[in-house]
Amino acid sequence: MTTSGYAMAAQVRARELGSRLALAAFIGFVGWILAPSIWPAVWIVVVLVSQGADWWLCRDLRRAPEQVPSPAYKIACCVMASLNVVVYSGMTGYLWFYGGEEGRIFAMIQAAGGLLHVSLHMHHTRALLLSAVIPHALYFAGLPVATAILERRPAELLIMVGGLLYMSHLVVAVRQSSATTSGLKAANAEAREARQKADAASAAKSDFLAVVSHEIRTPMNAVISAANLLRRTRLDAEQREHVMMLIDAGDVLVGLLNDVLDFSKIEAGKMHLEKAPMDVRARLTSLQRLWEPKAEAGGVSLRFDIADDTPDGVVTDALRFQQILFNLLSNALKFTREGEVTVSVAWDAPSAALILAVADTGCGIPEDRLSHIFDSFEQADVGTTRRYGGTGLGLAISRRLAEMMGGDLTVTSVVDEGSTFTVRLPAEAVVMAPAQDKARRVADAGALRGRQVLAADDHAVNRRILSLLLEPHGCVLTLVENGAEAVAICQTRVFDAILMDMQMPVMDGLEASRGIRSEGMNRDTPLIALTANAMDVHRAAWDEVGAQAFLTKPIDPVLLARTLAEACTPASEIEEQAVAA
């Protein structure tokens, strides 16, 4: 919003109205003390009237400072400024002629202060400045001249000369102040422009990453899913090795893509934390199950050591907690060729913090590289990426996440002996209800048998993959190519669950989901997003339309089956399973 100099002056004068009236009362009191008469009281009344008129005249500029004042309005403002100065400084003349020596000194101080005040507050607009300065200057320099002429005292002209010197210095000061203000405005404008460009660049980068992520995940979904399906077939040893190479390489690509997206979100300040109760031991057990096969395949022992006083549950962001530990375990196993990786978990009761240490017996990190390993795109040495892979973002992301959660991530290391990464995360200890985690479990693989599942995806390969992944579980899968077809079929058939892609022709997944949720026989059917759009903004969009779960491509077959089974299992049945457990 652009504000004119007249509007700025109006706003300043409105803010300082109380202080001006208080100062007028003080000046009037001094005038009555130095030259007792009725005139100081009359002067205060006239000041009140003139200040009220000024406040009334400028009311429109205060309400709408962006408006451009008309020429007539500008003239009225200038006239009012001159009138106010003439009235306000009227006491200067009274004290000069009737207040004795003390009155003259006070009058000069008042005139000098008035000149300084209007110069500082009205220098943005020359017309206003001249309108206010000229009356003050006439009082300041004219009173000594008048006395020199009327009383024939030429020495009084020296006071006038001193006044002129003061005003010349004031002009220089005002020009410097004006130049400084103009420079600050220009700098602020440049900073705003630079920020707008940076915001535009950040938005463009986010859009680019969203598009690239989607376009990469779509073919990766075909590659990884096909490899997983191929692994289920009868293969000889060499063929199985080739398939595992495909799966491992696909996992690495997904990890790299997730790292780049997470780093981008952190850099843009768009990473948001969600706090909820988390079962500590259950979360660690799931991570142990996930990483034990990889550790065993590499000839490394993976051990979890949880202190007895560690609470069963803590309030934290479970997803980011798992992400930090996931990165540290991945890093430890990557650089450990033999020996063991140990995850130690302890609880610091005085500071209410979880302390997790991931120690390995790997190659270690040279001391001169320790300070750099948490930097973005950094590795311990230039050959690390070539030998072990990775972007050098995992540790940077883990530390940034730990700091966002109020904690920290540190490291100690000895070359050829190993490294220990220690995470400290403030958390509130809570008591977990025994059934809270068990209620999430589903009876067995037969939970999907006979279930009616609708899947909407515009990509023929993705639809084929879904068929190959889900039909062996015994579910009845109905496939459609876009959101419009999904909405139409939902008006005629009841489904146990709906899988919905996001970007589709004719009607996208979000619009289709809103249509299904608004009316019809499937308005309460569990809806699961299955999309290559994996950023937080996409997750938030699916939350708004009531998606029960958010799954990303490439498809994790186990996670897909488990999520569908949970969605298809009635809540009463889950509760019975929890009680039985």
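Student: With reference to specific residues and values, describe the pairing of strand β9 (residues 452–456).
Tutor: Burial analysis of β9 places four of its five residues in the buried class, which makes it a mostly covered element. What joins β9 to strand β10 (residues 476–480) is helix α16 (residues 460–470), and the crossover it makes is right-handed. Examined bridge by bridge, β9 and strand β11 (residues 497–500) share four bridges and lie parallel to one another. Bridging across to β11, Leu454 finds its partner in Ile498.

Student: Provide a residue-level description of the sheet that holds strand β2 (residues 300–306), including the pertinent values.
Tutor: The five strands are arranged β2-β4-β5-β7-β6 in an open sheet whose pairing can be described as mixed. Because the sheet does not close on itself, it has two edges, and the strands there are β2 and β6 (408–414). Neighbouring strand axes in the sheet, compared pairwise and without regard to direction, differ in orientation by 15 degrees on average. Relative to strand β5 (residues 353–360), strand β4 (residues 339–348) runs antiparallel, the two sharing eight bridges. Opposite Trp347, over in β5, you have Leu354 as the bridge partner. With respect to the sheet, helix α11 (residues 280–297) is in contact with β2, β4 and β5, its orientation differing from that of β2 by roughly 170 degrees. The sheet strands contacting helix α14 (residues 394–404) are β6 and β7 (418–426), and the helix crosses β6 at an angle near 135 degrees.

Student: Give a detailed account of the packing of aromatic side chains, specifying residues and quantitative values.
Tutor: The final tally for this structure, using the stated rule, is five aromatic pairs. Consider the rings of Phe26 and Phe106, whose centres lie 6.5 Å apart with planes at 55 degrees: the pair is tilted. Separated by 80 residues along the polypeptide, Phe26 in helix α2 (residues 17–34) and Phe106 in helix α7 (residues 100–122) bring together distant segments of the chain. Taking the relative accessible area as the measure of exposure, Phe26 reaches 47% and is therefore partly exposed. Between Trp43 and Tyr88 the ring centres are 6.0 Å apart and the planes differ by 65 degrees, which places this aromatic pair in the edge-to-face class. Highlighted residues: Trp43 in helix α3 (residues 39–57) and Tyr88 in helix α5 (residues 71–88), separated in sequence by 45 residues.

Rules used in this analysis
Residues numbered from 1 in each chain as written. Predicted model: local features only at pLDDT ≥ 70, side-chain atom pairs only at ≥ 80, totals over all residues. Heavy atoms only, no water. Buried < 20%, exposed > 50% of the residue type's maximum accessible area, 1.4 Å probe, protein only. Helix = DSSP H or I, 4+ residues; strand = E, 2+ residues; numbered from the N terminus. Right-handed = clockwise from strand over helix to strand, strands pointing away. Pairing = 2+ DSSP bridges. Axes fitted to C-alpha atoms, helices over the stretch in contact; angles between N-to-C directions. Contact = heavy atoms within 4.5 Å. Phe/Tyr/Trp six-rings, centres within 6.5 Å; stacked < 30°, edge-to-face > 60°.

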